[in-house]
Amino acid sequence: MEVDKAEQGDQPSPIEFRLDPASGVPTYLQLVQQVEQALRMGWLTEGDRLPRVREVVAGLAINPNTVLKAYRELEHRGLAAGRRGQGTFVRGLPAGVVPLRERAALRRGLLDWLRTARAAGLDEEGMAAVFEDALRDLREGRDGVVA
């Protein structure tokens, strides 16, 4: 699943939705997840307009009710708000959004770790397994030290 930052100017919205039919994730949730990801990465900010329902329907060949369901879910989460006759706009940010400078520093540190892991012989699946295990330890309050 990906969200592409659109060119400024003649494009009506800063993002373009993509669908992965093989993901097993319902279409409306893919749209919700892409908006949340775009907000976390700073590709969307408060006040940005989401693509109009008819634009999404035309671009992805999906039912308008699917888009409306996604936008309602975003409204329910406090991330978007519809404006009659104008469209749906970003209203808030999800929890855990950090400023660009901090996010860039975190990304550099993660890239350093990924390079070290690759040099140690881990492939992408191995890196993901180590990361997910460490994240689980963090979430469960364990120090992650293996005896």
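Above this note sits the structure.
Every residue gets a number counted from 1 within its own chain, in the order that chain's sequence is written. Residue-level local features of this predicted model are given only where pLDDT is at least 70; pairs of side-chain atoms are given and counted only at 80 or more, and the full residue set underlies all totals for whole chains, interfaces and linings. Side-chain metrics rest on all non-hydrogen atoms present in the structure, leaving aside hydrogens and water.

A. Focus on the nonpolar core. The criterion is simple. A nonpolar core is a set of buried Ala, Val, Leu, Ile, Met, Phe, Trp, Tyr and Cys residues joined through side-chain atoms within 4.5 Å. Type-normalised accessible area, obtained with a 1.4 Å probe on protein chains alone, sets the label of each residue: buried when under 20%, exposed when over 50%, and partly exposed for intermediate values. Of all hydrophobic cores here, the largest spans 19 residues; its most connected members are Val-35, Leu-44, Leu-50, Tyr-71 and Leu-74. The numbering of helices and of strands both runs from the N terminus, where a helix is a DSSP run of H or I of at least 4 residues and a strand a run of E of at least 2. If you tally residues by element for this core, the top one is helix 1 (residues 27-41), at 6 residues. Ignoring anything within four residues of it in the chain, the contact list for Val-35 reads Ile-15, Phe-17, Leu-44, Leu-50 and Leu-74. Residues are treated as being in contact if the distance between any of their heavy atoms lies within 4.5 Å.

B. The packing of aromatic side chains, seen in detail. Any two rings among Phe, Tyr and Trp, with Trp reduced to its six-membered ring, count as a pair given centres within 6.5 Å; such a pair is stacked if its planes are under 30 degrees apart, edge-to-face if over 60, and tilted if neither. A full pass over the atoms with the stated rule returns 0 aromatic pairs. Comment: the charge-over-ring label is applied if NZ (Lys) or CZ (Arg) is within 6 Å of the ring centre and within 35 degrees of the ring normal. Over the face of the ring belonging to Tyr-28 we find Lys-69, whose NZ or CZ atom lies 4.2 Å from the ring centre. Between Arg-83 and the ring centre of Phe-89, over which it is positioned, the NZ or CZ distance is 3.8 Å.

C. A look at the pattern of salt bridges. Should a side-chain nitrogen of Lys or Arg be within 4 Å of a carboxyl oxygen of Asp or Glu, the pair is scored as a salt bridge. Enumeration according to the criterion identifies 7 salt bridges in this entry. Put simply, Arg-142 and Glu-140 hold a salt bridge, and the shortest N to O gap is 2.3 Å. Exposure remark for Glu-140: the relative accessible area of 46% places this residue in the partly exposed category. One network of salt bridges, in which partners are shared, links Glu-36, Glu-73 and Arg-77.

D. Local environment of the layout of surface pockets. Only protein atoms enter the calculation, which uses a 1 Å grid: trapped sets of points that fit a 1.4 Å probe without letting it out are cavities, open sets showing protein on both sides within 12 Å along at least five of seven lines are pockets, and any residue with an atom within 4 Å of a point is a lining residue. Grid points are joined across faces, edges and corners, and a volume is the space filled by probe spheres set on the points. Here the largest pocket defines a volume of roughly 370 Å³. Along the wall of the largest pocket there are 13 residues; nearest its centre are Met-41, Arg-103, Leu-106, Arg-107 and Leu-110. Elements with a minimum of two residues in the lining of the largest pocket: helix 1 and helix 4 (100-119). If you tally residues by element for the lining of the largest pocket, the top one is helix 4, at 6 residues.

E. Spotlight on a nonpolar patch on the surface. For patches, a residue must show more than 30% relative accessible area and have no salt bridge; joins then use 9 Å for like charges and 5 Å for nonpolar side chains, namely Val, Leu, Ile, Met, Phe, Trp and Tyr. What sets the accessible areas is the Shrake-Rupley method with a 1.4 Å probe; for residues, cover comes only from the shown protein chains. Side chains of Leu-110, Trp-113, Leu-122, Val-130, Phe-131, Leu-135 and Leu-138 sit close together on the surface and give an oily, nonpolar patch of about 610 Å² of accessible area. Of all the secondary-structure elements, those providing two or more residues to the nonpolar patch are helix 4 and helix 5 (124-139). Per-element accounting of the nonpolar patch gives the leading share, 4 residues, to helix 5. With respect to the secondary-structure elements, Leu-138 resides in helix 5. Judged by relative accessible area, Leu-138 falls into the exposed class, the value being 64%.

F. Looking closely at the environment of Gly-78. Note on placement: Gly-78 falls in the loop between helix 3 (64-76) and strand 3 (80-83). Here Gly-78 falls in the partly exposed class, since its relative accessible area comes to 22%. For the pair Gly-78 and Leu-93, spaced 15 residues apart in sequence, the C-alpha separation works out to 8.0 Å. Ignoring anything within four residues of it in the chain, the contact list for Gly-78 reads Arg-91 and Gly-92.

G. Molecular detail of the pairing of strand 4 (residues 87-90). If DSSP finds at least two bridges between two strands, the strands pair. With 4 bridges connecting them, strand 3 and strand 4 associate as antiparallel partners. If you follow Arg-83 over to strand 4, its bridge partner there is Gly-87.

H. Region of the structure containing unusual backbone geometry. The phi dihedral of Ala-61 is positive, around 55°, even though this residue is not glycine. You can see Ala-61 is positioned in the loop between helix 2 (53-60) and helix 3.

So, to be careful, I would describe these as geometric facts and stop short of saying anything about function.
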